[in-house]
Amino acid sequence: MRQIHTDRIIDAVKQAAMAANYELGQDLWAALARGEREEESPAGREIFRQLLENARIAREERIPLCQDCGLAVIFAEVGQDVHIVGGDFAAALQEGVRRGYGEGYLRKSLCHPLTRKNTGDNTPAVIHTEIVPGDGLTLMVVPKGGGSENMSKLFMLKPAEGWAGIRERVVATVAEAGPNPCPPIIVGVGLGGNFERAAYLAKKSLLRELGAPNPDPELAALEAELWDAVNSLGIGPMGLGGRFTALGVHVLMQPCHIASLPVAVNIQCHASRHREVVL
Amino acid sequence: MTDAVKLLPPLTDADVLRLTAGDAVLVSGVLYTARDAAHKRLMDLLAAGQPLPVDLQGQILYYVGPSPAPPGRVIGAAGPTTASRMDAYTPTLLGLGLKAMIGKGKRSAEVLAALQSHRAVYLGATGGAGALISRCIREARVVAFPDLGPEAVHRLVVEDFPAIVINDCHGGDLYEEGRRRYARPA
């Protein structure tokens with residue numbers, strides 16, 4: 001059985017948290033560059049120009065792209081033939097977040113829900129662990145900003161509402177969010193599952209490479225229809241008016257109960273930060 | 001974009017009256033930062049009849065909670081946060097002479113009405129451009145509520161801080177106008 005020491009896990013999470021906050025992914029660079037070329041609104045083009053310059057400064061000077069360095073979400077895929085040694089796995093993930101946010105000069109944005117007292121080290125991270133075949137360990141570290149998360153919604157629709165109902169809720173969620181979640185946004189849609197699974201699917205859909213087509217042709221067509229619908233709203237970059245309200249719409253789907261039609265809409269700002277490490 | 005209007009706080013009624021939704025502005029001088037936790041403290045001081053730690057007459061509030069300054073830098077990333085969380089407190093502060101706020105996202109009907117009655121403006125900065133905006137910030141120091149950490153009130157000295165007028169004091173609303181201009185039937 002392959003052994004992985006928690007020290008490696010701590011260091012991997014620390015480095016990923018820092019890199020995710022300083023370096024925009026290549027897919028996002030390409031999407032912002034396309035926006036700068038194609039956006040019709042002059043104010044919108046100026047926003048794209050600023051965002052590209054911002055990404056260059058953050059990468060070169062190793063400072064965060066955005067002061068909201070997010071709540072750290074970690075998707076862990078643990079091979080069933082891996083033996084983790086040296087300590088508690090979840091504690092190692094939390095320690096990695098603690099060190100990354102501390103040593104990386106990242107903002108600590110977590111607090112007690114009622115007293116609002118800051119936890120001081122950006123923990124606890126939200127961890128989703130899945131056991132998968134093989135002897136690998138994959139960690140996806142996702143700093144998720146509060147402004148876009150606040151505009152996200154979950155709907156338990158009647159099955160009779162069908163696709164029209166789903167489409168209406170997705171568009172209404174983006175319309176209501178307007179300028180608040182820092183458009184151009186990425187819209188993650190989770191269809192099916194149950195109450196919590198729909199939200200999980202919506203979040204997970206955001207991790208797919210931006211601009212890459214959905215491997216399922218049925219979902220790819222639904223994504224294209226939703227993308228056109230939200231970009232017809234006219235909200236535009238930063239809500240100043242324009243064509244690019246969203247850089248993309250991603251959908252993940254799984255079967256649901258015969259009585260249910262859960263739909264989750266997770267809104268992601270243009271600073272879509274995530275970093276994968278394979279150990 | 002059209003030539004930017006230079007804004008040098010403290011602002012007067014005349015400075016505000018000439019601004020129209022959609023105008024690009026460049027702010028140079030002092031900004032005070034505050035997020036919702038700091039606003040709550042300001043309200044508590046007012047309720048207790050205590051003086052505020054800063055005189056807001058003619059000033060600009062910037063809604064930001066910067067990331068920590070790495071060694072050798074004045075401040076970390078410092079872009080705007082969502083303004084609507086401050087809406088409940090804003091009319092009171094406008095009544096104390098506050099002239100402008102910089103943030104991102106929609107304001108409430110009450111705030112929009114108060115902008116007109118108090119002759120004040122709401123400016124939008126580019127959300128998520130925290131690294132870029134940090135370059136305009138020349139000085140930063142905490143002037144109130146240090147226990148709030150990133151949410152403490154900071155006094156910033158900025159140079160050519162770029163923003164755009166979202167809501168002017170004449171009822172203009174760039175979010176509404178921009179969306180109307182580019183909306184099309186789905």
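The structure displayed is predicted, hence computed values, not measured ones.

Caption draft 1: Representation of the overall build of chain B. Looking only at helices and strands, chain B features six helices and seven strands. Reading chain B from its N end, one meets helices and strands in the order β-α-β-α-β-α-β-α-β-α-β-β-α. In terms of overall dimensions, chain B is globule-like: its C-alpha atoms have a radius of gyration of 16 Å, near the 16 Å expected for 186 residues. Considering chain B as a whole, with its 186 residues, one finds that 56% of them fall into the buried category. Taking as baseline every contact in chain B between residues at least 6 positions apart, the subset at least 24 positions apart corresponds to 63%. Within the structure as shown, chain B displays about 7,400 Å² of accessible surface, and the carbon and sulfur contribution to it stands at 52%.

Caption draft 2: Region of interest: the sheet that holds strand β4 (residues 126-132) of chain A. All names here are of chain A. What the four strands build is an open sheet, ordered β4-β2-β5-β10; its pairing is mixed. In this open sheet, the two edge strands, each paired with only one partner strand, are β4 and β10 (275-278). Neighbouring strand axes in the sheet, compared pairwise and without regard to direction, differ in orientation by 15 degrees on average. Where strand β2 (residues 71-79) and β4 come together, seven bridges link them in parallel fashion. Bridging from a neighbouring strand, Val-78 pairs with Ile-131 of β4. Across the sheet, helix α4 (residues 89-103) lies against β2, β4 and β5 (137-144), angled at about 140 degrees from β2, the strand it touches most. Strands β2, β4 and β5 of the sheet are contacted by helix α7 (residues 195-205), whose axis makes an angle of about 95 degrees with β2.

Caption draft 3: Spotlight on the sheet that holds strand β8 (residues 246-256) of chain A. Residues and elements named next belong to chain A. Reading across from one edge, β6-β9-β7-β8 is the order of the four strands in this open sheet, with mixed pairing throughout. Sheet topology places β6 (153-157) and β8 at the edges, where each strand pairs with a single neighbour. The sheet shows a mean angle of 15 degrees between the axes of neighbouring strands, taken without regard to direction.

Caption draft 4: Structural view of the side chain of His-270 of chain A. Within the element layout of this structure, His-270 of chain A appears in the loop between β9 (261-268) and β10. There is a polar contact of 2.8 Å between the side chain of His-270 of chain A and the backbone oxygen of Gly-127 of chain B.

Caption draft 5: Highlighting the packing of aromatic side chains. For the coordinates displayed, the defined rule picks out three aromatic pairs over all chains. Ring plane angle 85 degrees and centroid distance 5.7 Å describe the contact between Phe-48 of chain A and Phe-244 of chain A, whose orientation is recorded as edge-to-face. Taken as a pair, Phe-48 of chain A in helix α3 (residues 42-61) and Phe-244 of chain A in the loop between α8 (217-231) and β8 lie far apart in primary sequence, 196 residues in all. Residue classification places Phe-48 of chain A among the buried residues on the basis of a relative accessible area of 0%. On the basis of relative accessible area, Phe-244 of chain A is assigned to the buried category, the value being 8%. Consider the rings of Phe-75 of chain A and Tyr-200 of chain A, whose centres lie 5.8 Å apart with planes at 55 degrees: the pair is tilted. Of this pair, Phe-75 of chain A sits in strand β2 while Tyr-200 of chain A sits in helix α7, and the two are 125 residues apart along the sequence. The buried category is assigned to Phe-75 of chain A, whose relative accessible area is 6%. Under the relative-accessibility criterion, Tyr-200 of chain A is labelled buried at 13%. Note that Arg-169 of chain A overlies the ring of Phe-155 of chain A, its terminal NZ or CZ placed 5.9 Å from the centroid. The cationic tip of Arg-107 of chain B hangs over the ring face of Tyr-122 of chain B; the distance from NZ or CZ to the ring centre is 4.9 Å.

Caption draft 6: Representation of helix α2 (residues 26-38) of chain A in the model. Residue and element names in this part refer to chain A. Compared with an ideal rise of 1.5 Å per residue, which puts 13 residues at 18 Å, α2 spans 18 Å between its outermost C-alpha atoms and is within 8% of the ideal. Turning to α2, its buried residues number three or more, namely Asp-27, Leu-28, Trp-29, Ala-31, Leu-32 and Gly-35. Of the surrounding secondary structure, the elements contacted by the buried residues of α2 are α3 and β8.

Caption draft 7: Broad picture of the pattern of salt bridges. Residue and element names in this part refer to chain A. In total, this model carries 30 salt bridges over all chains according to the counting rule given. Salt-bridge contacts for Arg-169 lead to Glu-161; the nearest nitrogen and oxygen are separated by 2.8 Å. When its relative accessible area of 18% is taken as the criterion, Arg-169 is described as buried. Each of the salt bridges in this network shares a partner with another, and the network as a whole consists of Glu-95, Arg-98, Arg-99 and Asp-121.

Caption draft 8: Looking closely at the packing of helix α1 (residues 6-22) of chain A against α4 of chain A. Residues and elements named next belong to chain A. Following both chains from N to C, one finds α1 and α4 inclined at 40 degrees, their axes separated by 7 Å at the closest point. The angle between the axes of α1 and α4 places the two elements in the oblique class. Note that α1 runs across α4; the crossing there is right-handed. Residues Thr-6, Ile-9, Ile-10, Val-13, Lys-14, Ala-17, Met-18 and Asn-21 of α1 form the contact with α4, whose participating residues are Phe-89, Ala-92, Leu-93, Glu-95, Gly-96, Val-97, Arg-99, Gly-100, Tyr-101 and Glu-103. Looking at the contact of α1 with α4 residue by residue, the classes come out as 10 nonpolar, four polar and four charged.

Caption draft 9: View of the interface of chain B and chain A. Across the boundary between the two partners, chain B contributes 41 residues, which contact 45 residues of chain A. Here chain B packs against chain A, burying approximately 3,500 Å² in sum over the two surfaces, 57% of which is carbon and sulfur. Looking at the side of chain B facing chain A, the largest losses of area belong to Arg-179, Tyr-182 and Arg-184 of chain B, adding up to 20% of the total buried there. Counting across the interface, chain B meets chain A through two salt bridges. The salt bridge involving Arg-135 of chain B is made with Glu-61 of chain A; its shortest N-O contact spans 2.4 Å.

The rules behind each value
- Residues numbered from 1 in each chain as written.
- Chains lettered and ligands numbered in written order.
- Predicted model: local features only at pLDDT ≥ 70, side-chain atom pairs only at ≥ 80, totals over all residues.
- Heavy atoms only, no water.
- Helix = DSSP H or I, 4+ residues; strand = E, 2+ residues; numbered from the N terminus.
- Rg over C-alpha atoms; globule rule 2.2 N^0.38 Å.
- Buried < 20%, exposed > 50% of the residue type's maximum accessible area, 1.4 Å probe, protein only.
- Contact = heavy atoms within 4.5 Å.
- Areas by Shrake-Rupley, 256 points an atom, 1.4 Å probe, with all protein chains shown as cover.
- Pairing = 2+ DSSP bridges.
- Axes fitted to C-alpha atoms, helices over the stretch in contact; angles between N-to-C directions.
- Polar contact = N/O pair within 3.5 Å; in protein donor to acceptor, adjacent residues only side chain to side chain.
- Phe/Tyr/Trp six-rings, centres within 6.5 Å; stacked < 30°, edge-to-face > 60°.
- Lys NZ or Arg CZ within 6 Å of the ring centre and 35° of its normal.
- Expected span 1.5 Å × (residues − 1).
- Salt bridge = Lys/Arg side-chain N within 4 Å of Asp/Glu carboxyl O.
- Parallel < 35°, antiparallel > 145°, perpendicular 65-115°, else oblique.
- Left-handed = near helix turned anticlockwise from the far one by under 90°.
- Nonpolar A, V, L, I, M, F, W, Y, C, P; charged D, E, K, R; others polar.
- Buried area = accessible area lost by both parts, 1.4 Å probe.

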